[in-house]
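Now for the letters of each chain:
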Amino acid sequence: MFAHVAQQLHAILLYYCRYLTWFPNVNDSDVTSEIQEFMKDYEVQDNCIYQSVLRIWAQNGSMDSVFKLDQQAIIRNITEAINGTKKAEGKFTNVLEKVEPLLSGVKWDSKGNVIGAKATILNWILKKTSKWSPEWELEFIQNVLFSNRTLPTGVKVYAVSTRSYLDFLQQVLQNNKTVLFAGFSLIIFYVVIMLGRCNMVEQRIYLSLLGVSVVGQSILASYGLCFYMGFFWGPIHPILPFLLLGIGVDNTFVIMQCLDNLGKGEKSASVPERIGQTLQHAGVSITVTSLTDILAFAVGTSTVMPFLRSFCMFAATGIFFLYVFEILFFVSCLAIDEKRLHNNRDGCICKIHNNWKPNQCSQRNIQKMVFTKYVGPTMMKVPVKICVLAGTFIIFGVNVWCVLQVEQKFDPMWYLNPESYPMQYNNKLNEHFPEYGKRAGIYLGSDINYFTDKDKLYELYSRLEENPYINKGTLDFWYIKFQDWLNMNVSPDSLPSDEDEMKSYISEFLLMSTSGQNYIKDIKFSSFPFGDYNITASQILVQHILMNTTTEQVKAMESVQEIIRSANFSAGSIVSFSPEYVSWTANKIIGEELLRNLGLTISAVAMVTLMLIQNLQTSFLVICCVIFTVVDLVGSMYWLGLTIEISTSIMVLLCAGLAVDYSAHIGNEFTRLQGTRDGNYTHSENPLLMHKKDAGQRAIKTLDMIGSAVFNGGLSTFLAFVLLGGSQSYLFTTFFKLFTGVVVFGIFHGLVFLPIALSWFGPPARKVIKKEPSQHYTVPFEYKNGYYQPNINKKEGMYYDSLREFDIF
């Protein structure tokens, strides 16, 4: 249809949007035959309003005349339309037919004639109330972008519609479901390898699958509860399964590590006693980490941002159900699996293997051996300690500077793939029409009196004209045009003297003048605007200049709001709004909200850590690890090119919870173990431990007891997100970068910095209370007849671990 025109253009940008119905609830009886007769030459014939250079040749709703013109005639018509020397052949001569704002990069010859342009933009505006609008949009995109139409050489068409953003965002999330299932498969494979051993009986395939299923149960439970409470689903929420997957497996590794750490006497006890001893050691650790994670997100629910509040509620309930199902469901499955091991049943088919003995290779714990023989002793050397502490503080200092350089910036378009047609349209719009920024509207309510508030409305318009952030060529207020029409067509003696006369003139201006009919779409009426009616709302359309920095955008929004406040209208009678103001407002408050929520989160984490670990020195060092990890993560955002926005703020809040996971386990185990900080035992301490070759330092023993579980938890968290690194989505790649940072900094501070800090600044060992031999004996679990067997040696009821002493009689 526009092949002739397109030969002179390099790009054609098509934009579709929707507007509200002209006159709501209008009956045919409201429009008299006299009005219909008078308006027949002025009424809008189509439901669709559009802006296009093609309107120059529009005649009776048809543009057939353009095909009869040669290239020289088309150029001449466009030149005349831009210069305003000749009215367009169509019947409208209003702002919709202004050609110059629709062309970019116009080229002129020496005689002042247009010889070409780089791009043109076409706008369609439909009625939002039409039930066919969504289908029309789909058909519009299909015909414009995905048809087999042949375009002139060098011409490209870009298009977007109102629904395009949400449609493509949904498509991005759907495309990453495969990554989610792949992540689950990877975690299952890793858990199967790490929980079991390479022999027929001690492999734990079924237990591993049931352990990972806890994540699925938690997801379903949290989603159901949050939807029941009325929380909505947002674009970032699909990241929750990855988050819960990474956190959920951590608790599994800690429980299994504590089970593996049981001494020989404990392992020979009954299954209920073994499970009880395991939870005695693991219970505090997983309670600390789970409770701090829950509190970290619970604090986020107090934010004023509904989007962030919803995500935090989903995450908090998900972690809560992870904890509950881990304790109830997984531990129950573990008890059943331990019963299977006790009976020497096969790990796959449950067949009993009589006289079975494990092979020697399967009994080696390589990770534990590495921490005990290599990592721990190396870290405890004084030069290594000094280098680690100095390096930690240097990195912290550098990242403090980087934190101050991180910008607050967010654009919803980032969530789309770079190759998506909305992104391509947006890029071309910024390239070819840089003078036109984001659109906005100032909306006047029913409290405005257009007769008595004339001076205020003029003052409002003049101040908007002076605003440096508004493109003056786009400022268009129907009331000012009405006053101009009134002064030109009505004598001074006949000007309206009251509000009713004003309404009559407004009706004539809107319905019976060519200059006023374009503004019908800017006004809402209580009934058809003839006779007795009221203006319930109206709008002033503005367009900001192109702004690339968040600071400018926030200043532009605040300047408009300040102008509205200075107009002295009643509260709520006039407001400004733009879809872009949502993200601009988020940019304005996200920094304040992040600092507030982060401060509350760290405070809550500190209280919970102190309450459960019950040692001031250890709790202080654990919180230091959390602070170091948070600062290092935010500082790394500067080098990664990330900004402070919704998704990164969520990750920073999450960091405070996850950092505790890596540090609390180490701190709790170190506090619980016996011995001095540096491993030199005094005569007052347990002499049975003095001759042990592995008595070593408490820090080394801490890494031996819990180090591999912490490392596996961090690695499993990384594996849950590693596949997102190949995504083209900004959302998923951002989470991959930040989760990698959380794991790296968290493991470093938890497994490297904290043991060294504890070895120098940690608490002394808790005193061991010597028990006098009791004259009262409890009945052993195995003897259910209630009789005590007197020939049992008392020392058989006592056993010693390498660093612990337990009395079970």
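Residues numbered from 1 in each chain as written. Predicted model: local features only at pLDDT ≥ 70, side-chain atom pairs only at ≥ 80, totals over all residues. Heavy atoms only, no water.

In the nomenclature of an unreviewed UniProt entry, the protein is known as SSD domain-containing protein of Periplaneta americana. Recorded in UniProt under Sequence similarities (unreviewed entry), the annotation for the protein is "Belongs to the patched family." (UniProt positions renumbered as here; feature names shortened; annotations may be inferred.)

### Regarding the overall build of the protein
Tallying secondary structure elements over the protein gives 23 helices and 13 strands in all. When each of the 809 residues of the protein is scored for burial, the buried share is 51%. Restricting the contact set of the protein to residue pairs at least 6 apart, pairs at least 24 apart contribute 78%. (Helix = DSSP H or I, 4+ residues; strand = E, 2+ residues; numbered from the N terminus. Buried < 20%, exposed > 50% of the residue type's maximum accessible area, 1.4 Å probe, protein only. Contact = heavy atoms within 4.5 Å.)

### Things to note about the pairing of strand β11 (residues 574-577)
Of the two faces of β11, the one holding I574 and S576 is buried and the one holding V575 and F577 is not buried anywhere. Sheet topology places strand β8 (residues 439-444) next to β11; four bridges connect them, and they run antiparallel. The residue of β11 that forms the bridge with L444 is I574. (Pairing = 2+ DSSP bridges.)

### Let's talk about helix α14 (residues 421-432)
The end-to-end C-alpha distance of α14 is 16 Å, a good match for the 16 Å that 12 residues give at a rise of 1.5 Å each. Turning to α14, its buried residues are Y421, P422, M423, Y425, N426 and H432. (Expected span 1.5 Å × (residues − 1).)

### Remarks on the sheet that holds strand β10 (residues 535-543)
Spatially, the four strands line up as an open sheet ordered β9-β10-β8-β11, and their pairing is antiparallel. The open sheet terminates on both sides in strands that have one partner only, identified here as β9 (523-525) and β11. Pairs of neighbouring strands in the sheet enclose a mean axial angle of 15°, with direction left out of account. As paired strands, β8 and β10 are joined by six bridges and run antiparallel to one another. Following the sheet pairing, I442 is matched in β10 by I540. (Axes fitted to C-alpha atoms, helices over the stretch in contact; angles between N-to-C directions.)

### Looking at the packing of aromatic side chains
The final tally for this structure, using the stated rule, is 31 aromatic pairs. Ring geometry for F477 versus W478: centroids 6.2 Å apart, planes at 80°, classification edge-to-face. As far as burial versus exposure is concerned, F477 and W478 are alike and both buried. Consider the rings of Y581 and W584, whose centres lie 5.5 Å apart with planes at 40°: the pair is tilted. Of this pair, Y581 and W584 both sit in helix α19 (residues 579-613), three residues apart, which is roughly one turn of the helix. (Phe/Tyr/Trp six-rings, centres within 6.5 Å; stacked < 30°, edge-to-face > 60°.)

### Quick notes on unusual backbone geometry
We note that Q614 has phi near 60°; this positive angle belongs to a residue other than glycine. If you trace the backbone, Q614 turns up in the loop between α19 and α20 (616-640). Owing to a relative accessible area of 60%, Q614 belongs among the exposed residues under this scheme.

### Section: the packing of helix α21 (residues 646-672) against helix α22 (residues 698-722)
One can describe the packing of α21 onto α22 by two numbers: an axis separation of 9 Å at closest approach and a directional angle of 160°. Judged by the angle between their axes, α21 and α22 are roughly antiparallel. Where α21 crosses over α22, the handedness of that crossing is right-handed. Facing Y662, H665, I666, E669, F670 and T671 of α21, the residues of α22 in contact are R698, A699, T702, L703, M705, I706, V710, G714 and T717. A class-by-class count of the residues in the contact of α21 with α22 yields eight nonpolar, five polar and two charged. (Parallel < 35°, antiparallel > 145°, perpendicular 65-115°, else oblique. Left-handed = near helix turned anticlockwise from the far one by under 90°. Nonpolar A, V, L, I, M, F, W, Y, C, P; charged D, E, K, R; others polar.)

### Topic: the environment of Q728
With respect to the secondary-structure elements, Q728 resides in the loop between α22 and α23 (730-761). Here the alpha-carbon distance between Q728 and Y415, two residues 313 residues apart in the chain, equals 9.7 Å. Once residues within four sequence positions are removed from consideration, Q728 is found in contact with N417, P418 and E419.

### So, the pattern of salt bridges
Evaluated as defined, the whole model comprises seven salt bridges. Here R204 ties to D337 by a salt bridge, and the two come within 2.5 Å at their closest N and O atoms. A residue pair is termed long-range when its members are at least 10 positions apart, and R204 in the loop between α6 (177-195) and α7 (205-228) and D337 in helix α11 (residues 306-342) qualify at 133 residues. For the pair R204 and D337, a shared accessibility class is recorded, and that class is buried. In this structure, E338 engages R274 in a salt bridge whose closest nitrogen and oxygen atoms are separated by 3.2 Å. Placement of the pair is E338 in helix α11 and R274 in helix α10 (residues 271-300), with a sequence separation of 64 residues. A cluster of three or more residues bridged by salt bridges with shared partners is formed by R204, R274, D337, E338 and R340. (Salt bridge = Lys/Arg side-chain N within 4 Å of Asp/Glu carboxyl O.)

### Let's talk about a negative patch on the surface
Side chains of D498, E499, D500, E501 and D532 sit close together on the surface and give a patch of like negative charge. As for its placement among the helices and strands, D500 is situated in helix α17 (residues 499-512). (Patch = residues over 30% accessible without salt bridge, like charges linked within 9 Å, V, L, I, M, F, W, Y side chains within 5 Å. Areas by Shrake-Rupley, 256 points an atom, 1.4 Å probe, with all protein chains shown as cover. Lys, Arg positive; Asp, Glu negative; His and termini not counted. Charge placed at Lys NZ, Arg CZ, Asp CG, Glu CD.)

### Notes on the environment of D661
Summarising the element assignment, D661 is placed in helix α21. For the pair D661 and I747, spaced 86 residues apart in sequence, the C-alpha separation works out to 9.4 Å.

### Quick look at a nonpolar patch on the surface
On the surface, a cluster of nonpolar side chains totalling about 560 Å² of accessible area is made up of I394, V398, W401, Y638 and W639. The element best represented in the nonpolar patch is helix α13 (residues 382-405), accounting for three residues. By secondary structure assignment, the location of Y638 is in helix α20.

### A look at the side chain of T252
Among the secondary structure elements, T252 is positioned in helix α8 (residues 240-260). Look past the residues within four positions of T252 in its chain and what remains in contact with it is L195, E326 and F330.

### Considerations on α11
Compared with an ideal rise of 1.5 Å per residue, which puts 37 residues at 54 Å, α11 spans 52 Å between its outermost C-alpha atoms and is within 8% of the ideal. Considering bend angle alone, the principal kink of α11 is centred on E326 and spans about 40°. Just downstream of α11 lies N344, where phi reads positive at about 60°. (Bend = angle between axes of the 7 residues up to and from the residue.)

### Concerning the packing of α20 against α23
Remark: α20 packs on α23, axes separated minimally by 9 Å, with the N-to-C direction vectors making an angle of 145°. Where α20 crosses over α23, the handedness of that crossing is right-handed. In this structure, α20 uses Q617, T618, L621, V622, C625, F628, T629, D632, L633, S636, M637 and L640 to contact α23, whose residues at the interface are K737, L738, G741, V742, F745, G746, H749, F753, L754, A757, L758 and F761.

### Details of the confidence of the model for the protein
The predicted model of the protein has a mean per-residue pLDDT of 75, with 79% of residues at 70 or higher. Mean pLDDT per element in the protein: strand β13 (residues 805-807) is the minimum at 39, and α13 is the maximum at 91. Confidence drops under pLDDT 50 across residues 1-8; counting only partners more than four residues distant or on other chains, this segment forms 24 contacts. Counting interchain partners and residues more than four positions distant, the pLDDT-below-50 stretch residues 781-809 has 45 contacts. (pLDDT = per-residue confidence, 0-100.)

### Here we look at the environment of D346
Following the sequence through the fold, D346 ends up in the loop between α11 and α12 (366-379). In this structure the C-alpha to C-alpha distance between D346 and E202, which are 144 residues apart in sequence, comes to 7.9 Å. Among all residues touching D346, those that are not within four sequence positions of it are M200, Q203, R340, K351 and H353.

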